[in-house]
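Chain and residue survey
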Amino acid sequence: MEQQPEFLLQGQWSPAHTELLPPHYQPWLLEAGSLTALLRLHCQHFALEVVTERQSILPPEWQQQWQQQHALCREVILYCDHQPVVYAQSWLPATTIAQLQYLAALGQQPLGDVIFQHPSLQRGPIEVAYWPELELPRLGLQHGLWGRRSVFSLLQQPLLVQEVFLPGVKDL
């Protein structure tokens, strides 16, 4: 059954401009390749925790842009050396899932491990946001967080990936 997501990652998203970003966060926010691969380079033990994965109603902005209402919403926490470093939320519209069904059955496999292997992958512009405080599922209230989002296209099918960098990323 499709329902409103429990948590919408909303923010004042703007194009990523290097001069506006804290230097420590720039490599993370501006990485055009796989964030999962970059994280693995910075830790000995990488892990992924699936927070939720369910059919949801797309946020209004994306309903309008993609001309559809339903999507698979997947929320995960990425860990480096047992420290949470990234909260990620991805939205895979129903038409994308219909064309790329394997994306609905990733389990503990990171989405980045799959999409960055696909020859048709295209990434839209990276947008960034800052939250003075943000209540995240399973992680509670967090302060001073930077995040990014991009729309990807696989076989001309869109998906949205939003990533919030947790305080633990400063230690990497």
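Residues numbered from 1 in each chain as written. Predicted model: local features only at pLDDT ≥ 70, side-chain atom pairs only at ≥ 80, totals over all residues. Heavy atoms only, no water.

**A closer look at the overall build of the chain**
Broken down by element type, the chain carries five helices and eight strands. Reading the secondary structure of the chain in the N-to-C direction produces β-α-α-β-α-β-β-α-α-β-β-β-β. Taken against the 2.2 N^0.38 rule, which gives 16 Å for 172 residues, the C-alpha radius of gyration of the chain at 15 Å falls within 12% of a compact globule. Projected onto its principal axes, the C-alpha positions of the chain cover 40 × 30 × 30 Å. For the chain, the accessible surface area stands at approximately 8,600 Å², while carbon and sulfur atoms represent 51% of it. (Helix = DSSP H or I, 4+ residues; strand = E, 2+ residues; numbered from the N terminus. Rg over C-alpha atoms; globule rule 2.2 N^0.38 Å. Areas by Shrake-Rupley, 256 points an atom, 1.4 Å probe, with all protein chains shown as cover.)

**Thoughts on the nonpolar core**
Core analysis: the largest hydrophobic core is formed by 21 residues, its most contacted members being Trp28, Leu29, Leu35, Leu39, Leu78, Val86 and Phe165. Broken down by secondary-structure element, the contributors of at least two residues to this core are helix H1 (26-30), helix H2 (35-41), strand E2 (46-57), strand E3 (70-80) and strand E4 (83-93). The residues contacting Leu35, other than those within four sequence positions of it, are Trp28, Val86, Arg148, Glu163 and Phe165. In terms of nonpolar packing, the next biggest core, distinct from the first, is built from 15 residues, Val51, Trp131, Leu136 and Leu139 among them. (Core = buried A, V, L, I, M, F, W, Y, C linked by side-chain atoms within 4.5 Å. Buried < 20%, exposed > 50% of the residue type's maximum accessible area, 1.4 Å probe, protein only. Contact = heavy atoms within 4.5 Å.)

**So, the packing of aromatic side chains**
Scanning the entire structure with this criterion turns up five aromatic pairs. Judged by centre distance (4.9 Å) and plane angle (40°), the ring pair of Trp62 and Trp66 falls under tilted. Of this pair, Trp62 and Trp66 both sit in helix H3 (residues 60-66), four residues apart, which is roughly one turn of the helix. Among the residues examined, Trp62 registers a relative accessible area of 5% and is labelled buried. Look at Trp66 and you get buried, because its relative accessible area is 12%. Plain terms: the ring middles of Phe116 and Phe152 are 5.8 Å apart, the flat faces sit at 80° to each other, and that makes the pair edge-to-face. Pair noted here: Phe116 is in the loop between helix H5 (111-115) and strand E5 (122-123) and Phe152 is in strand E7 (residues 140-154), with a separation of 36 residues, a long-range link. (Phe/Tyr/Trp six-rings, centres within 6.5 Å; stacked < 30°, edge-to-face > 60°.)

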